[in-house]
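# An overview of the molecular structure
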Amino acid sequence: MFEANCLKEQPADIVRRVLEEQRPCFVTAREGERGVLLPLDEVYDEVVDAHPRVLSARMKDLVRPGKDMAMYCVQVALSDERDAIRFVDEEGQPVLAMVGAVRFLRWLEEAEESEPEEEP
């Protein structure tokens, strides 16, 4: 997992890295308002679906230069992490999602706790 500030870095660069590395990114929009941008697959679909409301948006809006990514991040944070945003490509297929940082960390801890321990 890595971190990025979507007001200081280009949104397209952040998205490209998440897609290439297939790992989540903590995205900061402004002080105290963070979300997690994650690639959608069978593992992370679970954390997206754990949000009470999942909104849809287009990938082309997420990667556009400017403050769109920051607005999505703020939306997730200001909803008290009830909202998640699923980003779809040109064909309408879900590709990425923005979820609440605290909710994601809680989900990650629960997933790690439920993994069977390896015996030496």
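Heads up: the structure comes first, above all this text.
Attention shifts here to the pairing of strand β1 (residues 2-5). Both β1 and strand β2 (residues 25-30) contribute to a ladder of four bridges, which runs parallel. Residue pairing across strands places Phe2 opposite Cys25, the latter belonging to β2. This β-α-β element, β1 to helix α1 (residues 11-21) to β2, shows right-handed connectivity.

Below, the discussion takes up the pattern of salt bridges. Opposite charge on two side chains permits pairing when their charged atoms draw close. Scanning the model with the defined rule gives ten salt bridges in all. With a closest N to O distance of 2.4 Å, Arg23 and Glu21 form a salt bridge. With a shortest N-O distance of 3.4 Å, Arg64 and Asp61 are connected by a salt bridge. On the basis of relative accessible area, Arg64 is assigned to the partly exposed category, the value being 41%.

With that settled, the discussion passes to helix α4 (residues 68-78). Since there are 3.6 residues in each turn of an α-helix, residues three or four apart along the chain are aligned in direction. A large share of α4 lies buried, amounting to eight of its eleven residues. Within the sequence span of α4, burial applies to Asp68, Met69, Ala70, Tyr72, Cys73, Val74, Val76 and Ala77.

Position of His51 relative to the elements: it lies in the loop between α2 (45-49) and β4 (53-58). In terms of polar contacts, His51 uses its side chain to reach the backbone carbonyl oxygen of Val47, at 3.0 Å. Beyond its immediate sequence surroundings of up to four residues, His51 is in contact with Glu81, Arg82, Asp83, Ala84, Val99, Gly100 and Arg103.

A separate point is α1. Of the residues making up α1, those classed as buried are Pro11, Ile14, Val15 and Val18. With its buried residues spanning 95° around the axis, α1 presents them on a single face. Of the surrounding secondary structure, the elements contacted by the buried residues of α1 are β1, β2, β3 (33-39), α3 (59-63), α4 and β6 (94-100). One or two residues past the end of α1 sits Gln22, with phi positive at roughly 50°.

A few words on a negative patch on the surface. Residues Glu46, Glu109, Glu110, Glu112 and Glu113 make up a contiguous surface patch of negative charge. The greatest single-element share of the negative patch, amounting to four residues, is contributed by helix α5 (residues 101-114). Structurally, Glu113 is set in helix α5. Accessibility expressed as a relative area gives 66% for Glu113, which makes it exposed.

Parameters and conventions
- Residues numbered from 1 in each chain as written.
- Predicted model: local features only at pLDDT ≥ 70, side-chain atom pairs only at ≥ 80, totals over all residues.
- Heavy atoms only, no water.
- Pairing = 2+ DSSP bridges.
- Helix = DSSP H or I, 4+ residues; strand = E, 2+ residues; numbered from the N terminus.
- Right-handed = clockwise from strand over helix to strand, strands pointing away.
- Salt bridge = Lys/Arg side-chain N within 4 Å of Asp/Glu carboxyl O.
- Buried < 20%, exposed > 50% of the residue type's maximum accessible area, 1.4 Å probe, protein only.
- Polar contact = N/O pair within 3.5 Å; in protein donor to acceptor, adjacent residues only side chain to side chain.
- Contact = heavy atoms within 4.5 Å.
- Arc of directions from axis to C-beta.
- Patch = residues over 30% accessible without salt bridge, like charges linked within 9 Å, V, L, I, M, F, W, Y side chains within 5 Å.
- Areas by Shrake-Rupley, 256 points an atom, 1.4 Å probe, with all protein chains shown as cover.
- Lys, Arg positive; Asp, Glu negative; His and termini not counted.
- Charge placed at Lys NZ, Arg CZ, Asp CG, Glu CD.

Read these as geometric descriptors, not functional statements.
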